Amino acid sequence: AGNAALEKIAAVISEQLLPLSASDVTGVCAMAMDLLEQIEEDTNRPPPAPVRPGAGLPPRTMDPNTKILSAAQKNDVEAVSRFLDEGIPASYSNSLGQTPLHISAMWGNVEVLRVLLDRGAVVDAVNQLSNATPLHVAAASNRSVEGRLKCVAVLLNAGADPTLLDADGMAPYQMVLGQDSGPIKDLLTAAFEDKQMG
């Protein structure tokens, strides 16, 4: 079972490697490592007690709060609002330190991003992949420029610090991909310089 899982992981990484940004590749590798650890634990654990058919129970190791991350990726404002009302924190983070704010900024989902900020999400939360803030992931993403530009503007307006450095010593403006070197980089560079001078 372990070898089959490794082959699947390798196939997914090879198929998806070219369209991914550096931060996405890091995320895929980290998730693959988590999956491998899970496989090792599962092979050393006795088989679980049978679950009655149709029970629909999640695996014991799955955190049900991750559903807010999926909703943030889909820009599902209604679901995110409902999950927040149910008690999931606006700054909930998964095992990689990714918060809904990171996810919505990466995908350029400004509507969900605004809801999260209104509900108290930490604007400069850092992930465990690279100590990246939502500004970093918005800058490094290869998703829609228009959506990410709006997210960057809203994050800055909410007090996000454009001078924070990630684990590689990079500020958000330095993470912008070449083809996005226009408005996103200009906005982040101006914010960085203003903060440095102020």
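The preceding data block contains the structure.
Residues numbered from 1 in each chain as written. Predicted model: local features only at pLDDT ≥ 70, side-chain atom pairs only at ≥ 80, totals over all residues. Heavy atoms only, no water.

**Q** Please explain the packing of helix H4 (residues 77-85) against helix H6 (residues 110-118) as it appears in this structure.
**A** Helix packing for two helices is described by the angle between their axes and how far apart those axes are. Relative orientation of the contacting elements H4 and H6 amounts to 20 degrees, with a least axis distance of 9 Å. As summarised for this structure, H4 and H6 are arranged roughly parallel, according to the angle between their axes. Between H4 and H6 the crossing geometry is right-handed. Note on element contacts: H6 touches H4 through Glu111, Val112, Val115 and Leu116, opposite Val77, Val80, Ser81 and Leu84. Considering only residue class, the contact of H4 with H6 consists of six nonpolar, one polar and one charged. (Axes fitted to C-alpha atoms, helices over the stretch in contact; angles between N-to-C directions. Helix = DSSP H or I, 4+ residues; strand = E, 2+ residues; numbered from the N terminus. Parallel < 35°, antiparallel > 145°, perpendicular 65-115°, else oblique. Left-handed = near helix turned anticlockwise from the far one by under 90°. Contact = heavy atoms within 4.5 Å. Nonpolar A, V, L, I, M, F, W, Y, C, P; charged D, E, K, R; others polar.)

**Q** Sorry, what's going on with the packing of helix H5 (residues 100-107) against H6 here?
**A** In the contact formed by H5 and H6, the axes pass within 8 Å of each other and the chain directions differ by 155 degrees. The angle between the axes of H5 and H6 places the two elements in the roughly antiparallel class. Where H5 crosses over H6, the handedness of that crossing is left-handed. Between H5 and H6, the contacting residues are Pro100, Leu101, Ser104 and Ala105 on the first element and Val112, Leu113, Leu116 and Leu117 on the second. Per-class residue counts for the contact of H5 with H6 are seven nonpolar, one polar and no charged.

**Q** Can you walk me through the packing of aromatic side chains in this structure?
**A** In this description, an aromatic ring pair is defined by two values, namely the gap between the centres and the angle between the planes. Per the counting criterion, the structure on display carries one aromatic pair. Above the ring of Trp107, the side-chain terminus of Arg143 is found at 4.0 Å from the ring centroid. (Phe/Tyr/Trp six-rings, centres within 6.5 Å; stacked < 30°, edge-to-face > 60°. Lys NZ or Arg CZ within 6 Å of the ring centre and 35° of its normal.)

**Q** Looking at this structure, I do not really get the side chain of Asp166. What am I missing?
**A** Within the element layout of this structure, Asp166 appears in the loop between helix H8 (145-157) and helix H9 (183-197). Notably, Asp166 is buried but unbridged: the nearest opposite-charge side chain belongs to Lys185, and the N-O separation is 13 Å. A polar contact is formed between the side chain of Asp166 and the backbone nitrogen of Met170, at a distance of 2.9 Å. Every residue in contact with Asp166, bar those within four places of it in the chain, is listed here: Ser130, Asn131, Ala132, His136 and Met175. (Buried < 20%, exposed > 50% of the residue type's maximum accessible area, 1.4 Å probe, protein only. Lys, Arg positive; Asp, Glu negative; His and termini not counted. Salt bridge = Lys/Arg side-chain N within 4 Å of Asp/Glu carboxyl O. Polar contact = N/O pair within 3.5 Å; in protein donor to acceptor, adjacent residues only side chain to side chain.)

**Q** Sorry if this is basic, but what is going on with the pattern of salt bridges here?
**A** Oppositely charged side chains are able to pair whenever their charged atoms sit close together. Inspection of every chain in the model, using the stated rule, returns three salt bridges. Here Glu86 and Lys67 are joined by a salt bridge, their closest N and O atoms 3.5 Å apart. Taken as a pair, Glu86 in the loop between H4 and H5 and Lys67 in helix H3 (residues 67-73) lie far apart in primary sequence, 19 residues in all. Given the relative accessible area of 34%, Lys67 is considered partly exposed. With a closest N to O distance of 2.8 Å, Asp85 and Arg119 form a salt bridge. Taken together, the residues span a long stretch of sequence, with Asp85 in helix H4 and Arg119 in the loop between H6 and helix H7 (134-140) at a distance of 34 residues. Asp85 gets classed as exposed once you look at its relative accessible area, which sits at 61%. Residue Arg119 is classed as partly exposed on the basis of its relative accessible area, which comes to 39%.

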